[in-house]
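The lines below spell out each chain.
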Amino acid sequence: MNKYALTGHPLGHSMSPLIHEKLFALSGVEGEYSLIDVDPKDIPDCRSIFEPLCGLNVTIPHKQAVIPFMDELDDTAARYSAVNCIKNDNGRLIGYNTDCDGFLRSAAPLPLGGKVLILGCGGVGRMIAIECARHGADITLAVIPQDIKTAQMLMAEILSKCGSVSVKIEDISSVSEKFDLLINATPVGMYPNVDACAVSDEIIADCGSVFDVIYNPSETLLMKKARDMGKTAIGGTAMLVYQAVRAHEIWYGGSFADDDVNKIIKEVEIAVNSMNKN
């Protein structure tokens, strides 16, 4: 049986085994998926642990730390200096970043090239901002005061990578314009703090649609408020599942129907909500 795994630290309760087992079942591939918790200090010596595997997913805090023992980086991994998917190609470890694929596929119905308000600028927010810029978006990075310097670094990176796009930075408490799309790339609203919302109702009302990277809960307060206003709101579960779909495409050429992927998204949402009730 082909062996695959997720590595990170700490891993805690992960949805990855559920998602990948369902994808293996759909594709008819006999794959065993496990969790490998690796302390950051041990990562430099882990190539020998990973080499027997056909493929890996990589999560926090190892996405940069695994880069030195990659034999090759795909363009996506090089673009973000982060690896979250590894393919073992006959002993050669190739690093990819499927987070961007997960975002782009899940957010496909949204106006990524329009006027976009992005809350947060680190980690996933950085990736999302660059992908929106690659789509020609007019971007506003809305951050808390202590993140201004990080936002300025991201703005410089966007301009260097994407050329003449429009990027500006605002204090999150001062946002007052209308936007085509609001993206929450902060942890505000994540379980167990489900009663929190990163922005006011007025800001939500001034945005055409919403994307929230959070997948627990499956519907954040931000998403609920947007939907109650009649707006399209997409959550992080779809992004989580689609980045896994991309991993299976990379590992062995997997191919999946949209209807089957949507069923997995619903099943993961149910599993997350059930977990929160226990």
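The preceding data block contains the structure.
One structure accompanies this document, and this report is about it. (Residues numbered from 1 in each chain as written. Predicted model: local features only at pLDDT ≥ 70, side-chain atom pairs only at ≥ 80, totals over all residues. Heavy atoms only, no water.)

1. Description of the nonpolar core
Within the largest apolar cluster, 33 residues are counted, with the highest numbers of intra-cluster contacts made by Phe 103, Ile 118, Cys 132, Ile 158, Ile 183 and Phe 211. Counting residues per element, the ones that place at least two in this core are helix H4 (99-106), strand E7 (115-119), helix H5 (124-134), strand E8 (138-143), helix H6 (148-162) and strand E10 (179-184). In terms of residues, this core owes the most to one element, H5, which gives six residues. (Core = buried A, V, L, I, M, F, W, Y, C linked by side-chain atoms within 4.5 Å. Buried < 20%, exposed > 50% of the residue type's maximum accessible area, 1.4 Å probe, protein only. Helix = DSSP H or I, 4+ residues; strand = E, 2+ residues; numbered from the N terminus.)

2. Description of the pairing of E8
By the criterion of burial, E8 is predominantly enclosed, with five of the six residues buried. Inspection of the sheet shows E7 paired to E8 by five bridges, in the parallel sense. Residue pairing across strands places Leu 119 opposite Ala 142, the latter belonging to E8. Read as a crossover between parallel neighbours, the route from E7 over H5 to E8 is right-handed. Pairing of E8 with strand E9 (residues 166-171), which is carried by six bridges, proceeds in the parallel orientation. Of the residues in E9, the one forming a bridge with Leu 141 is Ile 169. With H6 bridging E8 and its parallel neighbour E9, the resulting β-α-β unit is right-handed. (Pairing = 2+ DSSP bridges. Right-handed = clockwise from strand over helix to strand, strands pointing away.)

3. What about the side chain of Glu 157?
For Glu 157, the position within the fold is in helix H6. In terms of polar contacts, Glu 157 uses its side chain to reach the side chain of Lys 161, at 2.7 Å. In this structure, Glu 157 is in contact with Arg 79, Arg 126 and Ile 130, ignoring residues within four places of it in sequence. (Polar contact = N/O pair within 3.5 Å; in protein donor to acceptor, adjacent residues only side chain to side chain. Contact = heavy atoms within 4.5 Å.)

4. Thoughts on the packing of aromatic side chains
Enumeration over the complete set of coordinates arrives at five aromatic pairs. Judged by centre distance (4.7 Å) and plane angle (35°), the rings of Tyr 4 and Trp 251 are tilted. Of the two residues, Tyr 4 sits in strand E1 (residues 2-8) while Trp 251 sits in helix H9 (residues 236-252), which places them 247 residues apart along the sequence. Tyr 4 gets classed as buried once you look at its relative accessible area, which sits at 3%. (Phe/Tyr/Trp six-rings, centres within 6.5 Å; stacked < 30°, edge-to-face > 60°.)

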